[in-house]
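Next come the chains, spelled out residue by residue.
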Amino acid sequence: MAKDPGRVLIFDTTLRDGEQSPGASLNLEEKLAIAQQLARLGVDIIEAGFPFASQGDFAAVQKIAEVVGGEEGPIICGLSRASKSDIKACADAVEPAPKKRIHTFIATSDIHLEHKLRKSRSDVLGIVPEMVRYAKCLVDDVEFSCEDAARSDPEFLYQVIELAISAGAGTINIPDTVGYTTPTEFGNLISGINKNVNNIDEAILSVHGHNDLGLAVANFLEAIKNGARQLECTINGIGERAGNAALEELVMALHVRRGFYNPFFGRQPESPTPLTAIRTEEITKTSRLVSNLTGMIVQPNKAIVGANAFAHESGIHQDGVLKNRLTYEIVDAKTIGLTDSKISLGKLSGRNAVRARLEELGYDLSREDLNDAFARFKDLADRKREITDRDLEAIVSEQVQQPDAFYELRLVQVSCGTSLKPTATVTLMDPEGDEKTSVSLGTGPVDAVVRALDSLVGIPNELTEFSVKSVTEGIDALGEVTIRVRYKNNLFSGHSADTDVVVAAAQAYVNALNRLVSVNKKAPIHPQLDLIESQSAQAI
Ligand code: KIV
Ligand code: ZN
């Protein structure tokens, strides 16, 4: 049997696999803010990025290793393909963290070997021990993944895993890369590895999976029953294609159904000891932060973190819940930190009161950021009677979201109405500090604003998504706008909140354009491209 830490280790890959979602790219400040929140959430390992991909990725992993990876904090991990240059970049990036890990991988399925890597099984049997040994001479903690394990020949997988463990891998990760497997098959695969790999007791077994058939969480829970003790997951389940297994769903399944899973850990069913180290009260805040910064909106009916997850609409359900919550509720909303607490701050409140509330909410801002947040709070307090925690979170998350500000929005004015042609006037400051103004007509006020901004910036792009949602209830609520634009087959998102949704839309669009400009300065490499392909992709 694989090593058993006595509970489940949560390996969060929001900043690596999650960031591979189309349009979810994050800048350094955003990655840092998410990593800090993941540490507060209590994840065991943060996969902070793929350092070889670009200078930006390297810098982000290094910064997270410096700032977030304390002695008591999570292990900071970087991803690398099974090549010396990837592994070395990864080791250098995670270096500042007291607890660091290199996660290296190579594909093991015949379909990947033949068509992607153009390598034989015996090539892989040579590469794996050499690369794991190399990683092991740079850091102590090495994880090895067999990409596309769920579609690999189990006998070949056993050989590869045994070699990786002999070479020093302390964690063996089994990915369902294409989200193909079913719970019973995945459970059997994990149990087969436990039975057939001679040295499996020297490593922790981990699972990683995508949600193409909507089975990722179910597959992981079956894997746990068969001895998997590390789960690789992302906040809100974001990730490549249909995404990764969702952290909040896994954690809450293990929390709510602890009695069912306890015996698989050799515990009595009624044992109250948690199965993960996650602080569940931080789940909602983490989910909102990730959604705001990545621009990946959470579907309303999403388990645990969807807006409707705790809403009882039908009269019968409402009646039942009023009589006894347990009739229709299996999770108390407070367990995941879902509160509608209002703060008694208004336009006469001072900086200290705002700072204190922000600290209670987990935001530890620099003096400069606090000044900015306070100015925005005052501005909002002039327009809105009651300020909620959600409003404060919207203010702060937008602040960390600001990408390198190539363009600054200086003015937005629109005129529209039943008998008017929507007309927008916008003023933008460009990277040289020059202010330019443009006026445009549009089919609606937002269209007019976007056209006016386009005429100033001149980057040909396509607006693919525009969504507005209110942060809280009430006519004076902040409106949150998320915009995505497509440029040369890549998506870029921007997000903003304001009581005026047209202003929020203009700012969100400028944020998306700024992100487009900063990311396009250097195209990153995708980790699942093989080495030769990635070299030619970079040369383009
Ligand atoms: O899905 C996958 O196989 C991966 C590996 C790189 C772990 O993300
Ligand atoms: Zn993956």
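Residues numbered from 1 in each chain as written. Chains lettered and ligands numbered in written order. Predicted model: local features only at pLDDT ≥ 70, side-chain atom pairs only at ≥ 80, totals over all residues. Heavy atoms only, no water.

A. Representation of the overall build of the protein. Of the regular secondary structure elements, the protein holds 18 helices and 14 strands. Here the C-alpha radius of gyration of the protein, 24 Å, is about what a compact globule of 540 residues would show, namely 24 Å. Projected onto the principal axes, the alpha-carbon positions of the protein cover approximately 75 × 65 × 40 Å. Here the protein, with 540 residues, has 55% of them falling under the buried criterion. Of the contacts formed within the protein by residues at least 6 apart in sequence, a portion of 67% connects residues at least 24 apart. (Helix = DSSP H or I, 4+ residues; strand = E, 2+ residues; numbered from the N terminus. Rg over C-alpha atoms; globule rule 2.2 N^0.38 Å. Buried < 20%, exposed > 50% of the residue type's maximum accessible area, 1.4 Å probe, protein only. Contact = heavy atoms within 4.5 Å.)

B. Inspection of the sheet that holds strand 7 (residues 204-209) at higher detail. In space, the 8 strands of this closed barrel follow the order 1-2-3-4-5-6-7-8, with parallel pairing throughout. Direction aside, the axes of adjacent strands within the sheet are offset by 25 degrees on average. Helix 5 (residues 121-138) contacts strand 4 (100-107) and strand 5 (141-147) of the sheet and is inclined by roughly 170 degrees relative to strand 4. (Pairing = 2+ DSSP bridges. Axes fitted to C-alpha atoms, helices over the stretch in contact; angles between N-to-C directions.)

C. Quick peek at the side chain of K302. Along the chain, the position of K302 falls in the loop between helix 11 (283-294) and helix 12 (315-323). With a relative accessible area of 10%, K302 lands in the buried category. Ignoring any residue separated from it by four or fewer positions in sequence, one finds K302 in contact with N236, A246, E248, E249 and A309.

D. Inspection of the packing of aromatic side chains at higher detail. A complete count under the given rule lists 4 aromatic pairs for this structure. Ring geometry for F260 versus Y261: centroids 4.9 Å apart, planes at 85 degrees, classification edge-to-face. On the basis of relative accessible area, Y261 is assigned to the buried category, the value being 8%. By way of ring pairs, the aromatic residues F260, Y261 and F264 are connected into one cluster. Positioned above the aromatic ring of F265 is the side chain of R229, whose terminal nitrogen or guanidinium carbon lies 3.9 Å from the ring centre. (Phe/Tyr/Trp six-rings, centres within 6.5 Å; stacked < 30°, edge-to-face > 60°. Lys NZ or Arg CZ within 6 Å of the ring centre and 35° of its normal.)

E. A look at the coordination of the zinc ion (ligand 2). Coordination sphere of the zinc ion (ligand 2), protein contribution only: D17 (OD), H208 (NE2) and H210 (NE2), at 2.0 to 2.1 Å. For the zinc ion (ligand 2), the donor residues sit on a single chain with the sequence spacing D-x190-H-x1-H. Taken as a pair, D17 in the loop between strand 1 (9-12) and helix 1 (28-41) and H208 in strand 7 lie far apart in primary sequence, 191 residues in all. Across the pair, exposure class does not vary: D17 and H208 are buried alike. (Donors = N, O, S within 2.8 Å, 3.2 Å for Na, K, Ca; no water.)

F. Layout of the packing of helix 2 (residues 55-67) against helix 3 (residues 84-94). Two elements in contact, helix 2 and helix 3, have axes separated by 7 Å at closest approach and are oriented at 40 degrees. Of the residues in helix 3, those in contact with F58, V61, Q62 and A65 of helix 2 are A89, D92, A93 and V94. In terms of residue class, the contact of helix 2 with helix 3 is built from 6 nonpolar, 1 polar and 1 charged. (Nonpolar A, V, L, I, M, F, W, Y, C, P; charged D, E, K, R; others polar.)

G. How the structure looks around unusual backbone geometry. Even without being glycine, D148 reaches a positive phi, approximately 60 degrees. Along the chain, D148 turns up in the loop between strand 5 and helix 6 (154-166). The exposure class assigned to D148 is buried, which follows from its relative accessible area of 0%. The backbone of R241 sits at a positive phi, close to 50 degrees, despite the residue not being glycine. Residue placement: R241 occurs in the loop between strand 8 (230-233) and helix 9 (247-256). Since its relative accessible area comes to 46%, R241 is described here as partly exposed.

H. Inspection of the domain arrangement of the protein at higher detail. In terms of domains, the protein is made up of domain 1 (9-294), domain 2 (351-401) and domain 3 (408-519). With 10 residues of domain 1 at the contact, the number on the domain 2 side is 8 residues. Summed over both partners, the interface of domain 1 with domain 2 comes to about 850 Å²; 50% of that surface belongs to carbon and sulfur atoms. Sorting the residues of domain 1 by area buried against domain 2 places K285, R288 and N292 first, and these three jointly supply 49% of that buried surface. The partner of R288 in a salt bridge is E393, and the shortest N-O contact between them spans 3.7 Å. Counting residues per element, the side of domain 1 that touches domain 2 draws most heavily on helix 11, which supplies 5 residues. For the side of domain 1 that touches domain 2, the residue count by class is 3 nonpolar, 2 polar and 5 charged. (Domains from an automatic or database assignment. Buried area = accessible area lost by both parts, 1.4 Å probe. Salt bridge = Lys/Arg side-chain N within 4 Å of Asp/Glu carboxyl O.)

I. Helix 16 (residues 445-457), seen in detail. Between its first and last C-alpha, helix 16 extends 19 Å over 13 residues, near the 18 Å set by a 1.5 Å rise per residue. One or two positions beyond helix 16, positive phi appears at G458, with a value near 65 degrees. (Expected span 1.5 Å × (residues − 1).)

J. Structural detail: a nonpolar patch on the surface. Judged by side-chain polarity, L463, F466, V468 and V501 come together as a nonpolar surface patch covering roughly 290 Å² of accessible area. In terms of residue count, strand 12 (residues 462-470) provides more of the nonpolar patch than any other element does, 3 residues in total. Mapped onto the secondary structure, F466 falls in strand 12. Accessibility expressed as a relative area gives 36% for F466, which makes it partly exposed. (Patch = residues over 30% accessible without salt bridge, like charges linked within 9 Å, V, L, I, M, F, W, Y side chains within 5 Å. Areas by Shrake-Rupley, 256 points an atom, 1.4 Å probe, with all protein chains shown as cover.)

K. Spatial organisation of the site of ligand 1. The full set of residues close to ligand 1 is R16, D17, H103, F105, S145, E147, P175, T177, H208, H210 and Q528. One of the side-chain N or O atoms of D17 is found 3.1 Å from an oxygen atom in ligand 1. A majority-of-atoms criterion places ligand 1 in the largest cavity. Secondary-structure elements contributing two or more residues to the shell around ligand 1 are strand 4 and strand 5. Here the shell around ligand 1 is composed, by residue class, of 2 nonpolar, 6 polar and 3 charged. (Near = heavy atom within 4 Å. Polar contact = N/O pair within 3.5 Å; in protein donor to acceptor, adjacent residues only side chain to side chain. 1 Å grid on protein atoms, 1.4 Å probe; cavity = no way out; pocket = protein on both sides within 12 Å on 5 of 7 lines; lining within 4 Å. Sits in = over half its atoms within 2 Å of the grid points.)

L. Region of interest: the pattern of salt bridges. A full pass over the atoms with the stated rule returns 32 salt bridges. Residue D110 pairs with R121 through a salt bridge whose shortest N-O separation is 2.9 Å. Of this pair, D110 sits in helix 4 (residues 110-117) while R121 sits in helix 5, placing them 11 residues apart in sequence. In this structure, D153 engages R121 in a salt bridge whose closest nitrogen and oxygen atoms are separated by 3.1 Å. With D153 in the loop between strand 5 and helix 6 and R121 in helix 5, the pair connects residues that are 32 residues apart, well separated along the chain. The partly exposed category is assigned to R121, whose relative accessible area is 28%. Salt bridges here are not isolated pairs; linked through shared partners, they connect R16, D17 and E47.

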